[in-house]
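# Close look at the chain arrangement
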Amino acid sequence: MAETCQNAEPVRYVRIDASLCNGCVLCMKACPTKAIRIREGTARIEGVCIDCCECVRVCPKGAIQAITSERLDLNEKSNIIVSPSTVLYSQFGEDILPNDVLLGLKRMGFGYIHDQSYTSEIFNLAVELYIKENREKPDAPLPFISPVCPVVVSLIAYRFQSLLKHIPPLVTPREIVAREGKMRMSARHGCDADEFKVLHITPCPSKMICMKESILQEHSYLDAAIGINSIYEDLKSNIQDIEDDIVLHHSGGIGLSWGMSGGEISGVELNCLAVSGLQETIHYLEKIEIGLLRNIDYVEFRACTEGCLGGPFTVMDKYQGKRHLQKLVRMFGVEKRVKYGYVKKLYNKGWFFTDKTPALEEKITHLTPADIARGIERQNRIEEILRLLPRKECGACGCPDCVTFAEDVVDGKDSLQACVFWKDQKKKWKIGS
């Protein structure tokens with residue numbers, strides 16, 4: 001999922017350094033959307049990239065990197081609103097508390113610091129209200145699916161479009177922070193909200209695609225994102241020896257647990273399920289697609305193993321970070337610190353709902369009869385080629401599997417000659433022109 005520039009080249013937040021790539025095909029095999037090909041011995045992204053970073057994780061040469069391309073003038077921090085991921089609290093060891101981290105950001109000179117973990121607790125109640133309001137309807141798309149992980153949302157939009165209706169039309173906590181932060185700063189300073197920029201401190205690059213090509217709402221309220229690893233050292237130096245009575249952290253343990261798998265549903269008192277890791281996510285989305293898990297109210301999907309703690313921009317080992325977050329959860333308690341009545345009023349006013357209209361089903365392409373006919377013809381040609389291929393799924397042709405290779409041949413992106421078995425066996429294979 002990417003923005004298209006004037007030269008029609010997509011903007012992606014995963015980049016491949018051709019000078020380091022040895023064409024080993026591991027990234028190609030790992031890609032869930034089959035977006036990677038090996039051309040002339042080098043990996044290339046040619047298809048739909050959802051910034052899941054599976055290729056980054058498996059690359060043995062470090063040739064693939066996750067990046068953020070947005071830049072703010074950090075010398076002008078007074079007009080920057082900071083929305084840090086809850087994962088940030090797990091990165092500095094057991095002696096550093098969430099309020100210390102937020103004060104460190106304040107010391108760096110940013111104009112407004114917002115505790116996203118508190119907003120996450122508010123969101124938990126909104127999810128409960130939405131599910132209770134909708135689950136008894138005859139056409140209720142159970143289970144409902146969390147809108148929080150951008151990779152999962154992009155994966156559904158690309159590969160499981162029938163499941164878009166399972167995603168509640170609720171604004172995610174990071175977007176709520178950005179929206180409300182701009183409004184508060186605008187009111188405080190008596191100026192236009194657009195004069196303030198929201199910087200999200202993120203464990204992964206997928207937030208950039210959220211900002212550039214939003215699926216769940218008309219536009220993102222976030223203006224830029226920066227990886228935890230990019231700001232870590234500067235922030236760490238500003239955390240040391242903080243002695244300040246200002247309280248910026250307001251959540252309980254529920255909000256803090258959002259950084260790890262199962263953290264979101266720990267604040268939703270319904271029949272829920274947490275699934276982490278991309279392959280497990282795909283497996284469970286397939287289950288939902290065929291009508292299973294209708295006994296579950298809500299599923300928290302996270303593309304990264306162990307949740308956002310496993311993001312590529314984190315600094316601390318995800319299991320050490322998990323241990324630290326678990327300690328913080330015990331320290332701050334396992335109850336939400338938000339008032340039900342307050343959240344209920346906001347919910348009734350539509351405060352939590354996205355501005356995307358009509359419903360998410362609009363993302364599903366409506367095909368004409370001519371489109372359908374061309375699609376059938378294309379599929380027949382693909383199946384004709386597949387019957388003649390050895391189906392060894394070796395990847396030597398530069399495609400992740402034989403099906404993808406056949407598709408590329410039909411679409412004119414590749415030639416049958418690229419199959420290493422074609423030369424030896426073409427005499428006994430016959431295929432139409």
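Because the structure is a prediction, the values reported are computed rather than measured.

Our next topic: the sheet that holds strand 13 (residues 298-302). Overall, parallel pairing links the 3 strands, which are arranged 9-13-12 in an open sheet. Both outer strands of the open sheet, strand 9 (144-145) and strand 12 (272-276), are each paired with one neighbouring strand and no more. Summarising the sheet, strand 12 and strand 13 pair through 5 bridges and their orientation is parallel. Counterpart to Cys272 in the pairing with strand 13 is Tyr298. Each of strand 9, strand 12 and strand 13 is contacted by helix 10 (residues 278-289), which is oriented at about 150° to strand 13, the strand it contacts most.

Next up on the list: the pairing of strand 4 (residues 36-39). Alternating residues of strand 4 divide into Ile36 and Ile38 and Arg37 and Arg39, and every residue in both groups is buried. Both strand 4 and strand 5 (residues 42-45) contribute to a ladder of 4 bridges, which runs antiparallel. Looking at strand 5, one finds that Ile36 is bridged to Ile45. Hairpin connection from strand 4 to strand 5: 2 residues lie between these consecutive antiparallel strands, with Glu40 at a positive phi of about 55°.

The next point concerns the sheet that holds strand 10 (residues 197-202). The strand order across the open sheet formed by 4 strands is 8-7-10-11, and the pairing between neighbours is parallel. Edge positions in the sheet fall to strand 8 (112-113) and strand 11 (224-227), since each has one partner strand and no second. As paired elements, strand 7 (residues 80-84) and strand 8 share 2 bridges and run parallel to each other. Across the sheet, the residue bridging to Val82 is Ile113, located in strand 8. Relative to strand 7, helix 6 (residues 173-189) is tilted by about 155°, and along the sheet it contacts strand 7, strand 8 and strand 10.

What follows concerns the packing of helix 4 (residues 116-134) against helix 6. Their axes nearest at 9 Å, the elements helix 4 and helix 6 cross at an angle of 115°. By the angle between their axes, helix 4 is roughly perpendicular relative to helix 6. Between helix 4 and helix 6 lies a crossing of right-handed hand. Along its contact with helix 4, which presents Gln116, Thr119, Ser120 and Phe123, the element helix 6 presents Pro173, Arg174, Ile176 and Val177. Looking at side-chain class alone, the contact of helix 4 with helix 6 contains 4 nonpolar, 3 polar and 1 charged residues.

Let's shift gears to the confidence of the model for the protein. Caution applies to low-pLDDT parts of the model: their predicted coordinates are not meant to be read in detail. Looking at the protein, the pLDDT average stands at 88 and 91% of residues meet or exceed 70. Taken as a whole, residues 358-364 scores under 50 in pLDDT and shows 14 contacts with residues more than four places along the chain or in a different chain.

Once that is clear, we can look at helix 13 (residues 369-388). Across its 20 residues, helix 13 extends 29 Å between first and last C-alpha, which sits within 8% of the 28 Å expected from 1.5 Å per residue. If you check which residues of helix 13 are buried, you get Ile382, Ile385, Leu386 and Leu388. Buried residues of helix 13 fall within an arc of 160° about the axis and therefore sit on the same side. Those residues of helix 13 that are exposed and aimed more than 90 degrees away from the buried face are Pro369, Glu377 and Arg387. Its buried side turned inward, helix 13 meets helix 14 (402-410).

When we look at a pair of aromatic rings, we describe it by the centre distance and by the angle of the planes. Under the criterion given, the structure shown has 6 aromatic pairs. Measuring from centroid to centroid gives 4.9 Å for Phe92 and Tyr232, while their planes differ by 10°, and the two rings are stacked. Separated by 140 residues along the polypeptide, Phe92 in the loop between strand 7 and helix 3 (98-107) and Tyr232 in helix 8 (residues 228-239) bring together distant segments of the chain. Across the pair, exposure class does not vary: Phe92 and Tyr232 are buried alike. Taking 4.9 Å as the distance between ring centres and 85° as the angle between the ring planes, the aromatic pair formed by Trp351 and Phe352 counts as edge-to-face. A relative accessible area of 0% means that Phe352 is categorised as buried. Joined through ring pairs, the aromatic side chains of Tyr130, Phe144, Tyr347 and Phe353 make up one cluster. In this arrangement the basic side chain of Arg179 is found over the ring face of Trp351, its NZ or CZ atom lying 4.8 Å from the centre.

What counts and what doesn't
- For every chain, the first residue of the written sequence is number 1, and numbering continues from 1 along that sequence.
- At least 70 in pLDDT is required for a residue's local features to be given in this predicted model, at least 80 for side-chain atom pairs to be given and counted, and no such filter applies to totals for whole chains, interfaces and linings, which use all residues.
- Computation of side-chain values covers all heavy atoms of the structure but excludes hydrogens and water.
- A pair of strands is considered paired only if DSSP assigns at least 2 bridges between the two.
- The way it works is that DSSP assigns letters per residue, a run of H or I at least four long becomes a helix, a run of E at least two long becomes a strand, and they are numbered from the N terminus.
- Contacts are residue-level and defined by heavy atoms, with any inter-residue pair within 4.5 Å sufficient.
- For helices, the fitted axis covers only the stretch in contact; all axes are lines through C-alpha atoms, and the angles between them, taken along N-to-C directions, range from 0 to 180 degrees.
- Residue exposure (1.4 Å probe, protein chains only): buried if accessible area is under 20% of the type maximum, exposed if over 50%, otherwise partly exposed.
- Convention used here: angles under 35 degrees read as roughly parallel, angles over 145 as roughly antiparallel, angles from 65 to 115 as roughly perpendicular, and any remaining angle as oblique.
- Crossing chirality is assigned from the near helix's rotation relative to the far helix, an anticlockwise turn below a right angle marking it left-handed and a clockwise turn marking it right-handed.
- Each residue receives one of three labels: charged for Asp, Glu, Lys and Arg, nonpolar for Ala, Val, Leu, Ile, Met, Phe, Trp, Tyr, Cys and Pro, and polar for the others, Gly being one of them.
- Here pLDDT means the predictor's own confidence in every residue, given as a number from 0 to 100.
- By definition here, a helix of n residues has an expected span of 1.5 Å times n minus one.
- Comment: arc refers to directions from the helix axis out to C-beta atoms.
- Aromatic rings from Phe, Tyr and Trp, taking only the six-membered ring of Trp, are treated as a pair when their centres fall within 6.5 Å; an angle between ring planes under 30 degrees marks them as stacked, one over 60 as edge-to-face, and anything in between as tilted.
- Here, a charge over a ring is recorded when the distance from Lys NZ or Arg CZ to the ring centre is within 6 Å and its angle to the ring normal is within 35 degrees.

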